[in-house]
Amino acid sequence: MNCKDTHRNIFDYLDGVLDEHGTTEMESHLALCSDCSSRVSFIRSGLDVISVDRRVEPDSEFIGSVMSGIQSAGRVISLRERFISVASAAAIVLVAVFAGTNLGRLATSGQNSEGTVLYAEDVYFEPIESFFLLNDQE
Amino acid sequence: MTKLFPDHDDRLLVDAVKSGNKDSFALLVAKYRESVIRICRGYVGSYEDAEDLAQEVFVELFRSISKFRGDSRFSTWLYRLAVNKSLNYLRYHKKRFRVYRSSESAGEESLINSPGEAESDAPVVESDHRRALREALDKLPENQRTAFILNKYEELPYNDVAAVMATTLSTVESLIFRARQNLQKYLSDYYEKNIRG
């Protein structure tokens, strides 16, 4: 078997459908020809990708996602979109906590340089009755 | 997954769905999700895209289940739906996204974006074997690709492939024979251009 014959029979050889004589000739050639051997090895690995791709482990939310899709007029919220929305919500919470902490720090450092905490009774509020009185006068 | 539901007859489940029982539909999804994802993956390559596409297949199934008259097996009908949805997806994304194919010469960019991944603007470098197989499958004519994917990815026997493709057994034999020859050539060409150097 020469290189050309080898190239023509690679799939049959890999699928095990080449007859016994052909297989023996093929293997004898592959033992001597490093280029054909490397080519066959590459194509074998290419086809092995199919076996890897056949392994399926559906996301645990797959059925739930389909069922919510059929309930919302066919709009499927994909698993990726779900992940993104959960991640976005988490990010917003983190930003809010961070901003709240820093704003609080700024407020105490700027307006109240002594660092004392103001309680409700320390602040003067206009009585609510005066607001109603003002509106009545208008 | 099928083994978990040996006693459920698909037609009984379909009839129950037709009369408004959504739990029966969830059972159909549970029974067939892996098969549908596998078929979709044969077309799109990326697992995430295949899973999203499979969800759309089931939503479409729910919408059109009233049209299932029982002339063929339910699985045949569902697989046909998965094939059509996958082909439509590929046609749409071929128009929409720029795909960087492997270079004709050694110095050019040799990156390829799978359809869903192209949205991120970052080309994904796949392994040479995966990229070679994907390019080879993409080059096959649609009917050869469909016959090959149903036979190799979902391991359907030739007569079941013929039922899904609504064609004869001899046509499927011929399609898979030509698909194998073409794939052998394309993978060999890829090796010549990109690996052998």
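**Side note on the overall build of chain A**
Within chain A, the regular secondary structure consists of seven helices and zero strands. Overall, chain A shows an N-to-C arrangement of helices and strands of α-α-α-α-α-α-α. Expressed as a percentage of its 138 residues, the buried residues of chain A come to 14%.

**Focus: the overall build of chain B**
Secondary structure assignment for chain B yields eight helices and zero strands. Listed N to C, the secondary structure of chain B is α-α-α-α-α-α-α-α in terms of helices and strands. The 197 residues of chain B split such that 42% are buried. Taking the intrachain contacts of chain B between residues at least 6 apart in sequence as the baseline, contacts between residues at least 24 apart amount to 59%.

**Some details on the nonpolar core**
Residues and elements named next belong to chain B. Counting residues in each nonpolar core, the largest one holds 60 residues, and the members touching the most others are Val36, Ile39, Cys40 and Ala82. It is helix 2 (residues 22–44) that contributes the most residues to this core, 10 residues altogether. Taken together, domain 1 (1–94) and domain 2 (127–197) each give at least three residues to this core, which thus spans both. Residues within four places of Ile39 in sequence aside, it is in contact with Tyr79, Ala82, Val83, Ser86, Ile149, Leu150, Tyr153 and Glu154.

**Here we look at the packing of helix 5 (residues 62–71) of chain A against helix 2 of chain B**
At their nearest, the axes of helix 5 of chain A and helix 2 of chain B sit 10 Å apart, and the two run at 135° to each other. The angle between the axes of helix 5 of chain A and helix 2 of chain B places the two elements in the oblique class. Crossing handedness for the pair helix 5 of chain A and helix 2 of chain B: right-handed. Contacts from Phe62(A), Ile63(A), Val66(A) and Met67(A) of helix 5 of chain A reach helix 2 of chain B at Lys22(B), Ala26(B), Val29(B), Ala30(B) and Arg33(B). Among the residues forming the contact of helix 5 of chain A with helix 2 of chain B, the class breakdown is seven nonpolar, no polar and two charged.

**A closer look at the domain arrangement of chain B**
All names here are of chain B. Domain boundaries in chain B define domain 1 (1–94) and domain 2 (127–197). Computed from C-alpha atoms alone, the centre-to-centre distance between domain 1 and domain 2 is 23 Å. The interface of domain 1 with domain 2 comprises 13 residues on the first partner and nine residues on the second. Breaking the side of domain 1 that touches domain 2 down by element, the ones donating at least two residues are helix 2 and helix 4 (74–96). If one sorts the elements of the side of domain 1 that touches domain 2 by residue count, helix 2 sits on top with six residues. Here the residues of the side of domain 1 that touches domain 2 sort into five nonpolar, five polar and three charged.

**Some points on helix 1 (residues 10–18) of chain B**
All names here are of chain B. Where helix 1 is concerned, the buried positions are Leu13, Val14 and Val17. Looking straight down helix 1, one finds its buried side chains confined to an arc of 100°; they lie on one side. Facing away from the buried side of helix 1, by more than 90 degrees, are the exposed residues Arg11 and Leu12. Downstream of helix 1 by a residue or two, Gly20 has a phi angle that is positive, lying close to 100°.

**Describing the packing of helix 6 (residues 142–152) of chain B against helix 8 (residues 169–196) of chain B**
Residues and elements named next belong to chain B. Axis separation between helix 6 and helix 8 bottoms out at 8 Å; the angle between their running directions is 95°. The orientation of helix 6 relative to helix 8 falls into the category roughly perpendicular. Along its contact with helix 6, which presents Asn143, Gln144, Arg145, Ala147, Phe148 and Asn151, the element helix 8 presents Val172, Leu175, Ile176, Arg178, Ala179 and Asn182. For the contact of helix 6 with helix 8, the per-class residue count stands at six nonpolar, four polar and two charged.

**Some words on the interface of chain A and chain B**
How big an interface is tends to be expressed through the accessible area that disappears when the partners come together. Each partner contributes to the interface: chain A provides 27 residues, whereas chain B provides 30 residues. Among the secondary structure elements, those contributing two or more residues to the side of chain A that touches chain B are helix 2 (10–15), helix 4 (34–54), helix 5 and helix 6 (79–110) of chain A. In terms of residue count, the dominant contributor to the side of chain A that touches chain B is helix 4 of chain A (nine residues). Looking at the side of chain A that touches chain B residue by residue, the class counts come to 15 nonpolar, seven polar and five charged.

**A word on the environment of Glu48(B)**
Inspection of the secondary structure assignment puts Glu48(B) in helix 3 (residues 47–64). In sequence terms Glu48(B) and Glu154(B) are 106 residues apart; their C-alpha atoms lie 18 Å from each other.

**Section: the confidence of the model for chain B**
Should the pLDDT be low somewhere, the predicted coordinates at that spot are not to be read in detail. Residue and element names in this part refer to chain B. Of the residues in chain B, 79% reach a pLDDT of 70 or more, and the chain-wide mean stands at 83. Looking at the elements of chain B, mean pLDDT is at its lowest for helix 4, recorded as 90, and at its highest for helix 6, recorded as 97. Predicted confidence for residues 1–7 stays below pLDDT 50, and this span has seven contacts to residues more than four positions away or in other chains. Note that residues 98–125 has pLDDT below 50 and, in this model, 44 contacts with residues that lie over four places away or in other chains. This prediction of the complex comes with two scores: 0.71 for pTM and 0.75 for ipTM.

**Remarks on the environment of Cys3(A)**
Residue and element names in this part refer to chain A. Along the chain, the position of Cys3 falls in helix 1 (residues 3–8). In this structure Cys3 comes out as exposed when scored by C-beta crowding, with 12 C-beta atoms within 10 Å. Taking the C-alpha atoms as reference points, Cys3 and Asp35, separated by 32 residues in sequence, lie 8.8 Å from one another.

Rules and cut-offs
- Every chain begins its residue count from 1, and numbering advances along the sequence as written.
- Both sets of labels track the order of writing: A upward for chains, 1 upward for ligands.
- pLDDT decides what is reported in this predicted model: residues at 70 or higher carry local features, side-chain atom pairs at 80 or more are listed and counted, and totals for whole chains, interfaces and linings draw on all residues regardless.
- Each helix corresponds to a stretch of at least 4 residues labelled H or I by DSSP, and each strand to a stretch of at least 2 residues labelled E; elements are numbered beginning at the N terminus.
- Residues with at least 20 neighbouring C-beta atoms inside 10 Å of their own are called buried, those with 12 or fewer are called exposed, and the rest are partly exposed, where every C-beta is derived from the backbone.
- Each residue gets a C-beta atom placed from its backbone, and two residues are in contact if those atoms lie within 7 Å.
- By definition, a nonpolar core groups buried Ala, Val, Leu, Ile, Met, Phe, Trp, Tyr and Cys residues that connect through C-beta atoms lying within 7 Å of each other.
- Residue ranges assigned to the domains are those given by an automatic or database domain assignment.
- For helices, the axis comes from a line fit to the C-alpha atoms of the stretch in contact; other axes are also lines fit to C-alpha atoms, and the angle between any two N-to-C directions lies between 0 and 180 degrees.
- The labels follow the angle: roughly parallel below 35 degrees, roughly antiparallel above 145, roughly perpendicular from 65 to 115, and oblique for the rest.
- Here a crossing is called left-handed whenever its near helix is offset anticlockwise from the far helix by less than a right angle, and right-handed whenever the offset is clockwise.
- Classification convention: Asp, Glu, Lys, Arg as charged; Ala, Val, Leu, Ile, Met, Phe, Trp, Tyr, Cys, Pro as nonpolar; all other residues, Gly among them, as polar.
- Relevant arc is that of directions from the helix axis to the C-beta atoms, nothing else.
- A score between 0 and 100, pLDDT records how confident the predictor is in each residue.

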